[in-house]
Amino acid sequence: FNAKIYYFFAAFSISALTLIFALSDPAFPATHHTTLVVGYAMAQTGNIIIAVVFGVIAHFIGLIFGMVLNTDCGTHIDPPAVAIATCSLIIFTLF
């Protein structure tokens, strides 16, 4: 058990827990993709600026993917999952 890693993912745990509120209000924002990517970037680099930049990128990837590819179509691809996969690939490849 590494206590340092636990702190990086504490925000993700809280953010994932708030998804319960989305069950009662579909307009409740999903932020788990942003906080997970920030935790990954912080754990890999130790630099808060890089972590925040990756968090913003993940948020915009989720928004853009949801607006462009999930509008007026018969399928659904989870935008937060795409943001997590894309940013995680970049983070773990570069750092």
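Note: the structure precedes this text.
Now for a look at the structure at hand. Please read these numbers as outputs of a predicted model, since none were measured by experiment. (Residues numbered from 1 in each chain as written. Predicted model: local features only at pLDDT ≥ 70, side-chain atom pairs only at ≥ 80, totals over all residues. Heavy atoms only, no water.)

1. Quick word on the side chain of S15
Condition: Under the scheme used here, helices are H or I runs from DSSP no shorter than 4 residues and strands are E runs no shorter than 2 residues, and both carry numbers assigned from the N terminus. Burial status follows relative accessibility: with a 1.4 Å probe on protein chains alone, a residue under 20% of its type maximum counts as buried, one over 50% as exposed, and anything between as partly exposed. Residue contacts follow a heavy-atom distance rule, with two residues in contact if any of their heavy atoms lie within 4.5 Å.
Relative to the assigned elements, S15 resides in helix α1 (residues 3-17). Classification of S15 as buried rests on a relative accessible area of 5%. Residues contacting S15, with those up to four places away along its chain left out, are T31, H32 and T35.

2. Topic: the nonpolar core
Within soluble globular proteins, side chains that are nonpolar tend to cluster in buried spots. Note the threshold: By nonpolar core is meant a set of buried Ala, Val, Leu, Ile, Met, Phe, Trp, Tyr and Cys residues that side-chain atoms within 4.5 Å join together.
Counting residues in each nonpolar core, the largest one holds 10 residues, listed as F8, V37, A41, M42, A51, F54, A58, A83, C87 and I91. Residue assignment for this core shows that the elements contributing at least two residues are α3 (32-45), α4 (48-69) and α5 (79-94). Beyond its immediate chain neighbours, meaning those up to four positions away, A58 contacts H33, T34, V37, A83 and C87.

3. Structural notes on the environment of T71
Structurally, T71 can be placed in the loop between α4 and α5. Among the residues examined, T71 registers a relative accessible area of 41% and is labelled partly exposed. Sequence separation between T71 and F92 is 21 residues, and the spatial gap between their C-alpha atoms is 30 Å.

4. Side note on α4
As a reminder of what qualifies: Given a helix with a known number of residues, its expected span is that number minus one, times 1.5 Å. What the arc describes is the spread of directions from the helix axis to the C-beta atoms.
For α4, built from 22 residues, the straight-helix expectation of 32 Å at 1.5 Å per residue is met to within 8% by its first-to-last C-alpha distance of 31 Å. Considered for burial, the residues of α4 that qualify are A51, F54, G55, A58, G62 and F65. Down the axis of α4, the smallest arc covering the buried residues is 105°, so these residues share one side. Exposed residues on α4 whose side chains face more than 90 degrees from its buried face are I49, M67 and V68. Against α3 and α5 lie the buried residues of α4.

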